[in-house]
Amino acid sequence: DQANIGVTGLAVMGRNLARNLARHGHTVALHNRHQQRTDDLVAQFGDEGTFVPTGSAAEFVAALERPRKLIVMVKAGGPTDAVIEEFAPLLEDGDMIVDGGNAHFADTRRREKALRERGLHFVGTGVSGGEEGALHGPSIMPGGSREAYASLGPILTDIAADVDGTPCCTHIGPDGAGHFVKMVHNGIEYADMQLIAEAYDLLRHALGLEPAQIADIFRDWNTGRLDSYLIEITAQVLGHVDAATGRPFVDVVVDQAEQKGTGRWTVQTALELGVPTTGIAEAVFARSLSGGAALREAARGLPGPARAPITGAAAETLAADIEQALYASKVVAYAQGFNEIQAGAAEYDWPIDLGAVATIWRGGCIIRAAFLDDIRAAYANDPALPTLLTDGGFAEAVRDAQDSWRSVVATAARLGIPAPGFSSALSYYDALRAQRLPAALVQGQRDYFGAHTYQRVDRPGTFHTEWATRDAAEHEV
Ligand code: NDP
């Protein structure tokens, strides 16, 4: 039997994608560096569909019908290059290598170019949804050529999640576009998680609530506009009690958040593109700060304000205010993430449809949420929207949220509770809507010490002031 698709790299992600493919009626060739994983898959799940287990790379390639389609699901970085080098010489013109790992988009661009020159299609593909998503339907973000997508699309669409019959898979754009969008997805995920964590921290320390009570609040929020996978699992985690100690699970976990790097890539890329993605940056830095054990230990005794939990009438509105602050900050974080995609698309000449990106993030992925449908609608309404914040619906929601948002940020500052996500999102909003920014003063400072010149509001041209002269004369340069 010839397989119409193959998967190499059968750890959790590859194994579950292979099973998902087989369950959808595809004949799936299997390969893994150490054959044990291949044998285990067939032994455990062989009855779920048609698998063609293979041992060597040559056997794997021979098992695939032409043009060959092979999905690589190995550790990102060096291993991906090693696997490409192993397979590319065995492939023929028009064959397709799909890299479903978390590759950096710049690596994907390099690999795509090199393989294109060898007559092969290389399709860097973002896959989100973790282990469960891979099995039951992930959100899939394929890059690569239109031609490759024409034959891969139906297969990927088959195994993707769907929302109301619309699959969570679309061709994002050429070469590294898919991995770029997956990277920003993960960056937004960092920001969203940080904002949720700040909401929890405020409910805990400004209101003095217990994790189980906060779990109930999140469950309630999950029935409204914040309805999302991340809010849902937050309620589950907060409601969980540690079996060994009987204490809330969240209290027995070391408070140092780890990271694998996609959030950092999103921020590094944003810096290079000059896109202020402050929400994602704050989230990445918040994780770094939490992990700086020695620094935190040294600073732990620094003085802060007296922290008596808020009670009475103020307490009654605070939980609702926090919901508003969370929502408004979330709009900012997503607006920034979509602007980064827009900037990446302009820089790399990718015709990315932002509405389509929102559409395929509605299901399957970690940030799946009702909210993404509002983003889809915003871009459907105006594909050239400069920021989600100016969309009619979002503008109105943030306007209605802003008093609460400001009061929550002020409360956090007053009580000494860190809220970097909420407060930087508010500053971003206020900076964007400002009539005048103090950037004018910065330009003056730059001109003073470095003769960096400036422009005037009242006439065109580039100017410099001779700051060292007595009359500080200005001249056009
Ligand atoms: P891992 O990232 O742990 O990678 C393990 C797999 O890579 C094994 O099949 C292993 O083979 C193979 N491998 C490692 N080095 C080499 C090499 N030099 N040559 C050949 N094969 C090699 O597996 P995951 O399933 O967790 O993830 C796979 C990919 O999917 C990664 O790129 C990951 O970033 C990405 N991803 C993961 C998600 C998740 O939730 N885990 C979500 C979305 C994407 P062997 O068995 O022989 O050691």
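Keep in mind the model is a prediction, meaning the values are calculated, not measured.

For the chain, the helix and strand inventory stands at 20 helices and eleven strands. What you see for the chain is a C-alpha radius of gyration of 26 Å, in line with the 23 Å of a compact globule of 477 residues. Principal axes of the C-alpha set define a box for the chain whose edges measure 80 × 70 × 45 Å. Across the 477 residues that make up the chain, the buried fraction comes to 50%. For the chain, contacts bridging at least 24 residues in sequence account for 66% of all contacts bridging at least 6. Taken as a whole, the chain presents about 21900 Å² of accessible surface, with 52% of it coming from carbon and sulfur. Between the averaged position of the 40 positive side-chain charges in the chain and that of its 61 negative side-chain charges there is a distance of 3 Å.

This paragraph deals with the pattern of salt bridges. Tallied over the full model, the rule gives 29 salt bridges. Between Asp-95 and Arg-66 there is a salt bridge, and its shortest N-O distance comes to 3.6 Å. Taken together, the residues Asp-95 in the loop between α4 (78-87) and β5 (96-99) and Arg-66 in the loop between α3 (57-62) and β4 (69-72) connect sequence positions 29 residues apart. Between Glu-323 and Arg-225 there is a salt bridge, with the nearest N and O atoms lying 3.0 Å from each other. Pair noted here: Glu-323 is in helix α15 (residues 312-348) and Arg-225 is in the loop between α9 (211-221) and α10 (229-239), with a separation of 98 residues, a long-range link.

Next up on the list: the nonpolar core. One recurring pattern in soluble globular proteins is that nonpolar side chains are buried together. Of all hydrophobic cores here, the largest spans 92 residues; its most connected members are Phe-218 and Trp-361. Counting residues per element, this core draws most heavily on α15, at 16 residues. Not counting the four nearest positions on each side in its chain, Trp-361 is found in contact with Ser-139, Met-141, Val-181, His-185, Ile-188, Phe-338, Ile-341, Ile-367, Arg-368, Ala-369 and Leu-372. Listed in part, the 27 residues of the second largest apolar core include Val-28, Ile-140, Ile-155 and Leu-156.

Here the focus is the side chain of Asp-175. For Asp-175, the position within the fold is in the loop between β9 (166-167) and α8 (177-205). Within the structure, Asp-175 has its side chain in polar contact with the side chain of Trp-350 (distance 3.1 Å).

Around the ligand, the surrounding shell holds 20 residues, and the nearest of these are Met-13, Asn-32, Arg-33, His-34 and Arg-37. In the model, an oxygen atom of the ligand is placed 3.4 Å from a nitrogen or oxygen of the Ala-76 main chain. Contact with the protein chains hides 77% of the accessible area of the ligand, taken as 890 Å² for the molecule alone. Looking at the shell around the ligand, the elements with two or more residues in it are α1 (12-23) and α4. Here the shell around the ligand is composed, by residue class, of ten nonpolar, six polar and four charged.

Now for the sheet that holds strand β2 (residues 27-31). The strands making up a sheet associate through hydrogen bonds between their backbones, and the pairing can be parallel or antiparallel. Within the open sheet, the seven strands sit side by side as β3-β2-β1-β4-β5-β6-β7. Their pairing is mixed. In this open sheet, the two edge strands, each paired with only one partner strand, are β3 (50-53) and β7 (139-142). Across the sheet, the mean angle from the axis of one strand to that of its neighbour is 25°, orientation sign disregarded. Bridge count between strand β1 (residues 5-8) and β2: four bridges; the pairing is parallel. Residue Gly-6 lies in a different strand from β2, and its bridge partner there is Ala-29. Together, β5 and β6 (121-128) form the strand contacts of helix α5 (residues 105-116), whose direction differs from that of β6 by roughly 150°.

Here the focus is the packing of aromatic side chains. This structure, assessed with the given rule, holds 15 aromatic pairs. For the pair Phe-60 and Phe-87, a centre-to-centre distance of 5.5 Å together with 65° between the ring planes defines the contact as edge-to-face. On the criterion of sequence distance, the pair formed by Phe-60 in helix α3 and Phe-87 in helix α4 is long-range, its members being 27 residues apart. Both residues of the pair, Phe-60 and Phe-87, count as buried. An aromatic cluster is present here, built from Phe-105, Phe-180, Tyr-348 and Trp-350 joined pairwise through their rings. Looking at Arg-19, its charged tip hangs above the ring of Phe-45, at a distance of 3.5 Å from the centre. Sitting over the ring of Phe-371, Lys-330 keeps its end group 4.9 Å from the ring centre.

Take a probe with the size of a water molecule and roll it over the atoms, and the empty space left behind shows itself. Of the pockets and cavities examined, the second largest pocket occupies roughly 230 Å³. Considering the residues around the second largest pocket, the lining is formed by Arg-436, Ala-439, Ala-440, Gln-443, Gly-444, Tyr-454, Gln-455, Arg-456, Val-457 and Trp-467.

Let's shift gears to unusual backbone geometry. Look at the link from Arg-66 to Pro-67: it is a cis peptide, with omega at -10°. Relative to the helices and strands, Pro-67 is located in the loop between α3 and β4.

Right, let's talk about the UniProt feature "active site" (unreviewed entry) in the chain for a bit. Here the UniProt feature "active site" (unreviewed entry) sits at Lys-182 and Glu-189. Mapping Lys-182 onto the fold places it in helix α8. For Lys-182, a relative accessible area of 6% translates into the label buried. A polar side-chain atom of Lys-182 sits 2.8 Å from a polar atom in the side chain of Asn-102. As for its placement among the helices and strands, Glu-189 is situated in helix α8. Judged by its relative accessible area of 15%, Glu-189 is buried.

For the rest of this paragraph, the subject is the packing of α15 against helix α17 (residues 371-381). Two elements in contact, α15 and α17, have axes separated by 12 Å at closest approach and are oriented at 50°. Compared by their axis directions, α15 and α17 come out oblique. The crossing of α15 and α17 is right-handed. Counted together, Tyr-327, Lys-330, Val-331, Tyr-334 and Phe-338 of α15 and Phe-371, Leu-372, Ile-375 and Tyr-379 of α17 form the full contact between these two elements. Split into classes, the residues belonging to the contact of α15 with α17 amount to eight nonpolar, no polar and one charged.

Definitions and cut-offs
- Residues numbered from 1 in each chain as written.
- Predicted model: local features only at pLDDT ≥ 70, side-chain atom pairs only at ≥ 80, totals over all residues.
- Heavy atoms only, no water.
- Helix = DSSP H or I, 4+ residues; strand = E, 2+ residues; numbered from the N terminus.
- Rg over C-alpha atoms; globule rule 2.2 N^0.38 Å.
- Buried < 20%, exposed > 50% of the residue type's maximum accessible area, 1.4 Å probe, protein only.
- Contact = heavy atoms within 4.5 Å.
- Areas by Shrake-Rupley, 256 points an atom, 1.4 Å probe, with all protein chains shown as cover.
- Lys, Arg positive; Asp, Glu negative; His and termini not counted.
- Charge placed at Lys NZ, Arg CZ, Asp CG, Glu CD.
- Salt bridge = Lys/Arg side-chain N within 4 Å of Asp/Glu carboxyl O.
- Core = buried A, V, L, I, M, F, W, Y, C linked by side-chain atoms within 4.5 Å.
- Polar contact = N/O pair within 3.5 Å; in protein donor to acceptor, adjacent residues only side chain to side chain.
- Near = heavy atom within 4 Å.
- Nonpolar A, V, L, I, M, F, W, Y, C, P; charged D, E, K, R; others polar.
- Pairing = 2+ DSSP bridges.
- Axes fitted to C-alpha atoms, helices over the stretch in contact; angles between N-to-C directions.
- Phe/Tyr/Trp six-rings, centres within 6.5 Å; stacked < 30°, edge-to-face > 60°.
- Lys NZ or Arg CZ within 6 Å of the ring centre and 35° of its normal.
- 1 Å grid on protein atoms, 1.4 Å probe; cavity = no way out; pocket = protein on both sides within 12 Å on 5 of 7 lines; lining within 4 Å.
- Points joined across faces, edges and corners; volume = space filled by probe spheres on them.
- UniProt positions renumbered as here; feature names shortened; annotations may be inferred.
- Parallel < 35°, antiparallel > 145°, perpendicular 65-115°, else oblique.
- Left-handed = near helix turned anticlockwise from the far one by under 90°.

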